[in-house]
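Fold and geometry: a report
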Amino acid sequence: MRNLLRLAAAALTALPLTACAAAGSDGPVALTWWQGPNAETPTREAVAACTRDGKYTIKVETLPEGSDKQREQLVRRLSAKDRAVNLITMDVVWTAEFAEAGWILPLPGATAKTVTDGTLDGALKSATWKGELYAAPLLSGSQLLWYRKSRAAQAGIDPAKGELTWEQLLAAAGRLPEGERGVATPGNRYEGYTVFVNALVASAGGQVVDAEGRPGLDGDAGRAAATVIGSLATGPAALKGLSTLDEETMRAAFEQGEASFMTNWGYVYAAAAERAAKEPAFKKVFDDYGWARYPRVAADRPSAPPLGGSNLAIGAGTPEDQRESAYAAIACLTSAQSQKGFMMGAGIPAARASVYDDAEVRAAFPFADVMRDSIAEAEPRPMVRKYNALSTAIQTAFHPPASVTPDTAAKAHAAVAEAVGQ
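Residues numbered from 1 in each chain as written. Predicted model: local features only at pLDDT ≥ 70, side-chain atom pairs only at ≥ 80, totals over all residues. Heavy atoms only, no water.

Moving on: the overall build of the protein chain. Helices and strands together make up the secondary structure of the protein chain, namely 19 helices and 11 strands. Relative to the 2.2 N^0.38 estimate, which gives 22 Å for 422 residues, the radius of gyration of the protein chain is 21 Å and therefore close to what a compact globule would have. In the protein chain, which comprises 422 residues, the proportion classed as buried is 57%. Residue pairs in contact within the protein chain that sit at least 24 positions apart in sequence constitute 75% of those at least 6 positions apart. Of the roughly 16,600 Å² of accessible surface on the protein chain, a fraction of 49% belongs to carbon and sulfur atoms. Within the protein chain, one finds 42 positive and 47 negative side-chain charges whose respective centroids are separated by 2 Å. (Helix = DSSP H or I, 4+ residues; strand = E, 2+ residues; numbered from the N terminus. Rg over C-alpha atoms; globule rule 2.2 N^0.38 Å. Buried < 20%, exposed > 50% of the residue type's maximum accessible area, 1.4 Å probe, protein only. Contact = heavy atoms within 4.5 Å. Areas by Shrake-Rupley, 256 points an atom, 1.4 Å probe, with all protein chains shown as cover. Lys, Arg positive; Asp, Glu negative; His and termini not counted. Charge placed at Lys NZ, Arg CZ, Asp CG, Glu CD.)

Moving on, we come to the state of the cysteines. Here the structure, examined in full by the defined rule, presents one disulfide. Paired by a disulfide, Cys50 and Cys332 hold their sulfur atoms 2.1 Å apart. Its S-S torsion of approximately -95 degrees makes the covalent link between Cys50 and Cys332 left-handed. Of the two residues, Cys50 is situated in helix 2 (residues 40–50) and Cys332 in helix 14 (residues 320–333); the sequence distance between them amounts to 282 residues. We classify Cys50 as buried; its relative accessible area is 6%. The class of Cys332 is partly exposed, set by a relative accessible area of 24%. (Disulfide = S-S within 2.5 Å.)

Okay, the packing of aromatic side chains next. The geometry of an aromatic ring pair comes down to the distance between the two centres and the angle between the two planes. Applying the stated criterion across every chain yields a total of 15 aromatic pairs. Aromatic side chains Phe98 and Trp103 sit 5.5 Å apart centroid to centroid with 75 degrees between the ring planes, which places their arrangement in the edge-to-face category. The same class applies to Phe98 and to Trp103, which are both buried. A network of ring pairs unites the aromatic residues Trp146, Phe254, Tyr269, Phe286, Tyr289, Trp291, Phe365 and Phe367 as a single cluster. One residue, Arg275, lies across the ring of Phe282, its end atom 4.2 Å from the ring centre. (Phe/Tyr/Trp six-rings, centres within 6.5 Å; stacked < 30°, edge-to-face > 60°. Lys NZ or Arg CZ within 6 Å of the ring centre and 35° of its normal.)

Summarising the model, the protein chain shows a mean pLDDT of 92, and 94% of its residues fall at 70 or more. In the model, residues 1–24 has pLDDT below 50 throughout and makes 85 contacts with residues more than four positions away in sequence or in other chains. (pLDDT = per-residue confidence, 0-100.)

Moving on: the sheet that holds strand 2 (residues 56–62). What the five strands build is an open sheet, ordered 2-1-3-11-6; its pairing is mixed. What marks the edges here is a single partner per strand, and that holds for strand 2 and strand 6 (136–142). Neighbour-to-neighbour, the strand axes of the sheet open up by a mean angle of 20 degrees, direction not taken into account. With seven bridges joining them, strand 1 (residues 29–35) and strand 2 adopt parallel strand pairing. What sits directly across from Gln35, in strand 2, is Thr62. Against the sheet, helix 2 engages strand 1 and strand 2, with an angle of about 160 degrees to strand 2. (Pairing = 2+ DSSP bridges. Axes fitted to C-alpha atoms, helices over the stretch in contact; angles between N-to-C directions.)

In terms of residue burial, strand 6 counts as a mostly covered element, since seven of its seven residues are buried. Pairing of strand 6 with strand 11 (residues 307–314) involves six bridges; the strand directions are antiparallel. Bridge pairing in strand 11 links Gly141 to Gly308.

Here it is as structure tokens:
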């Protein structure tokens, strides 16, 4: 992933600010915020707004590119109880691991109430572990179904009028001319493929792993998810190179017209708008963009769209005399005003519902209502300590997509059980 997608998945940054007085002096409390690269301007503006009263300062430290490298550096510092790791921007899948290891602090009642007020349910799930809130949703995002309006009409469907099932979508795509009937979805062996599988299983009413850490793929939901993947990969809507597709190659196939439908994050709209402004010939394509809720697996059950984004947590090594300031900072940095700044400045969807009612936001993001509803009803990826092992097991068992059959669910169930130690 790159650019805005990396932002939706986990990371923010700012130019380093000058540190003020250290904790324990007569001056303001000095806090350090660790986050990944990108989004300099909205981060700088949020920090300036939250430190205006002079009670604390925030210095921003930039983590390396890539979620794995960011996690590696944070784990090293947190396990050493680094006193300078105060505010942490975390990928939404890190909460369980970091909380279980005691690397982040649970949020006290007053702070928890402030950061949950008006925050969308899907985002809150990703910040909670064993019934306790360990982080504040900072930014969020969900995947939508993107489509060419003219081609959807040609295929005899209108996705905006109600949730399509995958079966309906694939059948409609198959009615289009060859070279236009592709449905772009993740297919490569990477985290995005885990996101795809999890969304299908959840949409079918199941769980990859339940609250007790027990695998749940060897059942009706797992087999239904596998059936969708197999139908997609072997039917007329299959794109060439499906087994290597990620968000950017999916976007390219959609923009070029090989795919008439695509599941992807909201960043694709901003990317297309930017291209349309530079290339008059592409504006006609951009004007044909449509968006709708993520497809259903079962006709009688709403979809459970994928969830992305990032959460803000407090490192457990933060000294006692700095924690009250850290709690205040986390509440301010995740406020509706701050989240609007990130949404307008970097195209990253907000986690607070009220932001989507703002006139400026609605003008810039015409799909705001669908995105808000999708985040509210999104299903996070499994909340388990050994998430990386689990994700690898899923990617391996369900790959390549063309090899997936209903029997794949049992194979994946066994692989996940081994990965999480069940």
